[in-house]
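# An overview of the molecular structure
Listed here are the chains, written in short residue letters.
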Amino acid sequence: MAHPNLTSSVIFGLGWLYLILCLMNSFWAMAQLKKQKHFKVWDIFGGMEVPSATTWFAYSLFLGLVSFAHFSGSGSPDRFMLSLPEFFKDSVDSILADPRVYFALTVGGFALMIWLREWWTKPTVAWILLNMSILFLALSMTDWDFRQIVGKPDNVPIVGMLFLLGFFTWIYFSRAVDNDRRMAQGLPIRERENNESVLVWPDLVYPELICMIVLTVILVAWGIGLPAPLEEPANIAKTPNPSKAPWYFLGLQEMLVYYDPWLAGVVFPSVILGGLMALPYIDFNKSGNGYYTFNERSFAVSTFLFGFFPLWVALIVLGTFLRGPNWNFFGIYEFWDVHKLEALNNKNLSEIVWDDMLGVGRPVAEAGASFASQSVTILIRESVGLIFVFLYLAALPPLMAATGYFRKYYNRMGFIRFMVFTNLILLMAALPIKMLLRWVLNLKYIVAIPEWFFNI
Amino acid sequence: MSIGDYIRDSQIWKSIFRHPAPHDRRNRIVVVLTNFFLHLHPVSVKQQGIALSYTWCMGGVTFFLFLVETITGVLLMFYYRPTLEWAFNDILALRDVSTLGIMREIHRWGAHAMVIAVWLHMYRVFLTGSYKPPREFNWVVGVILLVLTLLLSFTGYLLPWDQLAVWAITVGSNMARATPFLGYEGPGAQLLNIGGYDLITSGSDARFLLLGSRFVGEATLNRFYILHCVAIPLVVALLIAIHFWRIRKDGGISQPL
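Worth saying up front: this structure is predicted, and the values here are computed from it rather than measured. (Residues numbered from 1 in each chain as written. Chains lettered and ligands numbered in written order. Predicted model: local features only at pLDDT ≥ 70, side-chain atom pairs only at ≥ 80, totals over all residues. Heavy atoms only, no water.)

## Points about the interface of chain B and chain A
Contacts between chain B and chain A engage 91 residues on the former and 94 residues on the latter. Carbon and sulfur atoms supply 71% of the area buried between chain B and chain A, which totals about 8400 Å² over both sides. Put simply, chain B and chain A have two salt bridges between them. The shortest N-O distance in the salt bridge between Asp283 of chain A and Lys132 of chain B comes to 3.6 Å. If you look at where chain B meets chain A, you find 42 residue pairs in polar contact (both at pLDDT 80 or more). Within the residue set of the side of chain B that touches chain A, elements represented by two or more residues are α3 (25-34), β1 (44-46), α4 (52-55), α5 (58-79), α6 (87-96), α7 (102-127), α8 (136-158) and α9 (163-174) of chain B. Here the element with the most residues in the side of chain B that touches chain A is α7 of chain B; it accounts for 18 residues. The residue inventory of the side of chain B that touches chain A, partitioned by class, reads 59 nonpolar, 19 polar and 13 charged. Bridge count for strand β3 (residues 197-199) of chain A against β1 of chain B is three bridges, and the pairing is antiparallel. (Contact = heavy atoms within 4.5 Å. Buried area = accessible area lost by both parts, 1.4 Å probe. Salt bridge = Lys/Arg side-chain N within 4 Å of Asp/Glu carboxyl O. Polar contact = N/O pair within 3.5 Å; in protein donor to acceptor, adjacent residues only side chain to side chain. Helix = DSSP H or I, 4+ residues; strand = E, 2+ residues; numbered from the N terminus. Nonpolar A, V, L, I, M, F, W, Y, C, P; charged D, E, K, R; others polar. Pairing = 2+ DSSP bridges.)

Written out as structure tokens, the structure is:
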């Protein structure tokens, strides 16, 4: 086989992963044993009280056996049983290999993360979620195509980042849920409990020293284990397909699918940074300063997390792992085929209006017309889109100030703050809006003036 | 008298540290006040403020990674020449020949880790609402440091001068071509002309400023090398100093108000 799903070294490496998972769950099982938690078996099986730790010990034992199988069975990779079944990979690829499904899943996941925060932050639930994601990664590594992308040296940090983000998001939500519950009961928040002053030497400098040593060990081990990438020498004549920016800019590169470079590459990054800098000056909410809470600042946290997860991290994951040659979308187990074709039949708003709806064709300036009259023709041609954009950015904010949910914000924030705030929100919403327009109406540009490099 | 006490009683030790070992409360206070490196800290902090599950330590991690990048970066500069003739070959030598070649691995993974650590640090600062008054301005300084971290990583990405490097920078810098008014394929650039002569051309626009050339070439390598090794680190070091100083001036590490 040219592209073996399993090789001896992959099986051996996975053996280590399962061994680590086995050890993690053994510790977890022992912690459960100490807590002396029990659950009742169904009546038809006798209805006994069984310690919860039994399940975890059984699971750890199973993982240990799986690990052992990997260490001992690496001699014959093509007959090794533990891998993802082809039908599962095919169905994942056929259902999920679509930016619409991917975006819907990330937004849905984001909504569930906030809505079910009291449930999924419970230690046992979070632990099961962690186990599931590691098992998913381990099983997926048995696929050749998955390994090509995820195992790329520069992509390894992204996988690490995803686990770190999951971990720290769990810390945030469990502490916020805890504090919100305490405040509802009139109890002091956790940050105010046992909050004595301690001396920096030794209480802070020792943890700092330990942290530096651990980090150095991690970096050296990482450096020994994973060589830095080095491809062929630079060759301007030979463009790789796909050509990708460094991973932290791939969210911006993904935006190029929906917006032109002047927006996706220049204006939006500037707005993101300007918006981040403006954040402390538009968030007028005094509470939630210096402690974890969700309920006291639900709007600010939800908006920020929406910008961070579905619109930034998920787009980086999309751009890194799921965009292949010609920036086509590929499933996680799909081969990056250069010849994969995707139909592009997107239309500009002006074409939809003048050609399809009015049926008169788009206005065209006469040959040799003056610059002024050409400009007028162009503006008339794109008038519908220009009006839409103008209404969106200039008429919507006053409307939001006068009516509805945002009215109380306007009363608190004053004119300038509110205008900055609403324009930031609207520009953030501009990305998902354009995505939806593209997917529902096949809309290419709302305003299409290639003559001036002015496409929206 | 034990050897430890003998050393700590010697004139040399006393001249460096100026006080006895931090074994009692008084000297634990004095050690922080009189040591140049430790005096970034206050003498005492609130217990919950330094709890790991509260503070995550990611700002400190970022700073430590900056130091790691500086040290490994200086070592790498001894081995690396930013010219078309040598850049790639020097990296090859780092991989295959040089004893301290692992410095490149640590430098590269440290750079990725630093980007991630900055994000996690900002994530924590946002989630604890620590950008709120009186720390608004320090958050702004932090956002600038985020930009500079990304630029450091971006400029460093080019230096190995392999296909990965050159094309990532080409794709990334192509965006600058579309800068409104200042990129020659950006909206409004046509308006900037005097008597029919365009001010903004492919040889004078924002992308040219970034690359020092119409394409990613030797001028770009030189430009990115200087930005990466000298210009940006100097600015970052200054802003880090301001960032730390402001933490102390703005009421210390985050705490419930």
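Past the structure itself, the notes keep going.
## A few points about the packing of α5 of chain B against helix α11 (residues 218-249) of chain B
Residues and elements named next belong to chain B. Contact geometry for α5 and α11: axes closest at 12 Å, N-to-C directions at 155°. Between α5 and α11, the angle falls in the class roughly antiparallel. Once α5 is placed against α11, the crossing between them reads as left-handed. Across the interface between the two elements, Phe63, Phe66 and Met77 from α5 touch Tyr225, Cys229, Pro233, Val236, Ala237, Ile240 and Phe244 from α11. Looking at the contact of α5 with α11 residue by residue, the classes come out as ten nonpolar, no polar and no charged. (Axes fitted to C-alpha atoms, helices over the stretch in contact; angles between N-to-C directions. Parallel < 35°, antiparallel > 145°, perpendicular 65-115°, else oblique. Left-handed = near helix turned anticlockwise from the far one by under 90°.)

## Overview of the nonpolar core
Ranked by size, the top nonpolar core spans 136 residues in total, and within it Leu305 of chain A together with Trp119 and Tyr123 of chain B carry the most contacts. Excluding residues that lie within four positions of it along the chain, Leu305 of chain A makes contacts with Phe110, Met113, Phe173 and Pro310 of chain A together with Tyr123 and Leu127 of chain B. (Core = buried A, V, L, I, M, F, W, Y, C linked by side-chain atoms within 4.5 Å. Buried < 20%, exposed > 50% of the residue type's maximum accessible area, 1.4 Å probe, protein only.)

## Quick look at the domain arrangement of chain A
All names here are of chain A. The assigned domain composition of chain A is domain 1 (1-77), domain 2 (84-190 + 241-336) and domain 3 (349-455). Summarising the inter-unit geometry, the C-alpha centres of domain 2 and domain 3 are found 29 Å apart. Taken together, the contacts link 23 residues of domain 2 with 23 residues of domain 3. Across the domain 2/domain 3 interface, buried area totals approximately 2300 Å², and carbon plus sulfur atoms make up 75% of it. It is Tyr258, Phe284 and Phe299 in domain 2 that bury the most area against domain 3; as a group they hold 31% of the surface buried on that side. The interface formed by domain 2 and domain 3 includes zero salt bridges. Applying the counting criterion to the domain 2 and domain 3 interface returns seven residue pairs in polar contact (both at pLDDT 80 or more). Of all the elements in the fold, those that place two or more residues in the side of domain 2 that touches domain 3 are α4 (99-115), α12 (261-282) and α13 (298-322). When residues of the side of domain 2 that touches domain 3 are assigned to their parent elements, the largest contribution, eight residues, is made by α12. Counted by class, the side of domain 2 that touches domain 3 contains 18 nonpolar, three polar and two charged residues. (Domains from an automatic or database assignment.)

## Section: the side chain of Asp90 of chain B
Residues and elements named next belong to chain B. Within the element layout of this structure, Asp90 appears in helix α6. Relative accessible area serves as the criterion here: at 5%, Asp90 is assigned to the buried category. Not counting the four nearest positions on each side in its chain, Asp90 is found in contact with Tyr79, Tyr80 and Arg81.

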